[in-house]
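# Observations on the three-dimensional arrangement
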Amino acid sequence: MFFQFIDILGTIAFAISGALMAMGKRMDPFGVLIIAFVTAVGGGTLRDVMIGIEPVSWMKNMTFVYVIIGSAVFAVVFKKQINYLRKSLFLFDTIGIALYTVVGVETGLVAGLHPVICIAMGTMTACFGGVLRDILCNDIPVIFREEIYATACILGGFTYFLLLQFFADRHILFVIVALVVITVRLVAVRFKVSLPSLYKSEDNKQ
Amino acid sequence: MFFQFIDILGTIAFAISGALMAMGKRMDPFGVLIIAFVTAVGGGTLRDVMIGIEPVSWMKNMTFVYVIIGSAVFAVVFKKQINYLRKSLFLFDTIGIALYTVVGVETGLVAGLHPVICIAMGTMTACFGGVLRDILCNDIPVIFREEIYATACILGGFTYFLLLQFFADRHILFVIVALVVITVRLVAVRFKVSLPSLYKSEDNKQ
Amino acid sequence: MFFQFIDILGTIAFAISGALMAMGKRMDPFGVLIIAFVTAVGGGTLRDVMIGIEPVSWMKNMTFVYVIIGSAVFAVVFKKQINYLRKSLFLFDTIGIALYTVVGVETGLVAGLHPVICIAMGTMTACFGGVLRDILCNDIPVIFREEIYATACILGGFTYFLLLQFFADRHILFVIVALVVITVRLVAVRFKVSLPSLYKSEDNKQ
């Protein structure tokens, strides 16, 4: 069904983005598999746990597990092209947050949560996996490097509820929201909409 | 009711402390909103999830959501006075852990947990939001910079159970515990009770 | 019963490993207690929450709480021998992941989860506490420094299901799996199977 299809597409995008970063860190196959897993299911896991959907979705549906393992294996097999692949990390990550925003908002609606909470669930589903990936890979969390990252998801969520009444068939709505998230992020990055200076003297960590 | 009042006060204090730090990091309004949210609900979310209260409290009560958004907007509006406001970050943070310690211990009691676990819940409710705020803002977690931070909450929790039998009316007890936490931390900071040296040569991260 | 015995042994090992690192960071007794707690219950908490066992195991069984407090006190009492003790941090940590891998896999089986998920639960139970310990202590997560860390747990989990059919009595199986994890890690460390270079120029954090 269309919705599960979007969920799986997002899973593939994030699993590959996680595998790419893990290989960029020269992790071994198992390390790559773990980071791919965390990146792909991190956000959804937090969402399910906070809503009370337990065991969390991916633990009850082996499809996701196999998709993630397959994506990681794919990334490992093409290890040679790693330098070329790394350029596509940004692309896979962007597709991932777009699709997961839709998945998160929908899950919130099904659980009967308030629209504002649903938008929060969508943003969380989309951003948390990447944050965990970066923390485990010892990078500065993407959400902190370019906060337009989460902003794109929030705007996507708003779009969802703004247009909800106009779409009896949600399939088109899903696509529109995903495109809004992707567009906002691409435009933001294209026009260098990002944090001016990350570190200041009191940042002992630097 | 008095208890919810304390919870909301703590939420405001933490939302503002989160917004202040996010603005200090020059995040955009959305980034500020996210950090304010995480700081305010992080600890309570972990507590609820571990106890099994799902969907977690703040997701079922829009009051908290509006209070957090309001606090963040307030902080953004007064962006100009940021340098002045940042000085009060410590104050809001201290008020926050004091009130959240009470909230956490109470929640544990209502769930019928052992006193020791309740103290742990109170400490977690109080400290975890700030830890997440610091991790997302790429600062050294406050709990690590000055562990008297958590110590104050633990002592507050002990006070709660030491005096529990003497108070039929818990209102006064709540206030006393909060004051204990605030006093312990203020005294500790005033007399420089803190970690002598954080980093040692083997800390590759520095 | 044997299974709980293994769980408690792992708890002691991790509580001590956490206390040792916290003292190495010159934290005060309370800081040491908190890190000991997080290291010992972090992995199991994540596992229980994802499966839906709430309140999480250790919150319903004071035995673990007392064991952790006892282990932390033990570590604090022997603070003088810290330099000697720190050498044993690696040992305690290795014993911990070995025992927790068994505990995690078993918990997954009892919850009726798919073998692959059970292996993930075992790896998570074993590795997450150490990761939290390192993040709170501002160290590079162990799972990132030497990914053979998690690899050992995954191999241990595979061993469990490979041999499951041959053991009516699981006691021996538990021991074999634990030995596999310990052996894999010791051999890996002995023969320097680890990441070639952790940091690359684009790692702004360094």
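Rules behind the numbers
- Residues numbered from 1 in each chain as written.
- Chains lettered and ligands numbered in written order.
- Predicted model: local features only at pLDDT ≥ 70, side-chain atom pairs only at ≥ 80, totals over all residues.
- Heavy atoms only, no water.
- Salt bridge = Lys/Arg side-chain N within 4 Å of Asp/Glu carboxyl O.
- Buried < 20%, exposed > 50% of the residue type's maximum accessible area, 1.4 Å probe, protein only.
- Helix = DSSP H or I, 4+ residues; strand = E, 2+ residues; numbered from the N terminus.
- Contact = heavy atoms within 4.5 Å.
- UniProt positions renumbered as here; feature names shortened; annotations may be inferred.
- Expected span 1.5 Å × (residues − 1).
- Core = buried A, V, L, I, M, F, W, Y, C linked by side-chain atoms within 4.5 Å.

### Quick notes on the pattern of salt bridges
Enumeration according to the criterion identifies 15 salt bridges over all chains in this entry. Residue D48 of chain C pairs with R47 of chain C through a salt bridge whose shortest N-O separation is 3.1 Å. For R47 of chain C, a relative accessible area of 5% corresponds to the buried category. Overlapping salt bridges bring together D93, R133, D134 and R185 of chain A as one network.

### Side note on the environment of Y100 of chain C
All names here are of chain C. Locating Y100 in the fold gives a position in helix α6 (residues 89–110). Along the primary structure Y100 and I117 are separated by 17 residues, whereas in three dimensions their C-alpha atoms are 15 Å apart. When near neighbours in sequence (up to four residues on either side) are disregarded, Y100 contacts D7, G10, T11, F14, A40, G122, T125 and A126.

### What about unusual backbone geometry?
For the bond running from E54 of chain B to P55 of chain B, omega is -5°, close enough to zero to count as cis. For P55 of chain B, the position within the fold is in the loop between α2 (29–51) and α3 (57–60).

### Some details on the side chain of D48 of chain C
When you line up the elements, D48 of chain C lands in helix α2 (residues 29–51). Leave out the neighbours within four places in its chain, and D48 of chain C touches I53, V56, S57 and T107 of chain C.

### Concerning the UniProt feature "transmembrane region" (unreviewed entry) in chain A
Residues and elements named next belong to chain A. When the UniProt feature table is mapped to this numbering, "transmembrane region" (unreviewed entry) covers residues 6–23, 30–46, 58–78, 90–107, 113–136, 148–166 and 172–191. Within the segment residues 58–78, helix and strand shares are 90% and 0% respectively, and the terminal C-alpha atoms sit 26 Å apart. Structurally, residues 113–136 comprises 92% helix and 0% strand, and the distance from its first C-alpha atom to its last is 31 Å.

### Concerning helix α6 (residues 89–110) of chain B
In an α-helix, one turn spans 3.6 residues, which is why side chains three or four residues apart end up on the same side. Residues and elements named next belong to chain B. For α6, with 22 residues, the first-to-last C-alpha span of 31 Å sits near the 32 Å given by 1.5 Å per residue. By the criterion of burial, α6 is predominantly enclosed, with 16 of the 22 residues buried. Residue G112 follows α6 closely and has a positive phi angle near 70°.

### Some details on the nonpolar core
Most often, soluble globular proteins keep nonpolar side chains buried together rather than apart. Judged by nonpolar contacts, the single largest core of 200 residues is most densely connected at W58 of chain A, W58 of chain B together with W58 of chain C. With sequence-adjacent residues up to four places away left out, W58 of chain A is seen in contact with F37, V41, T45, F64 and V65 of chain A together with M50, I117 and M121 of chain C.

### Brief notes about helix α4 (residues 62–77) of chain C
When the terminal C-alpha atoms of α4 of chain C are compared, their 22 Å separation across 16 residues agrees well with the 22 Å that a helix rising 1.5 Å per residue should span. Burial in α4 of chain C covers these residues: M62, F64, V65, V67, I68, S71, A72 and A75 of chain C.

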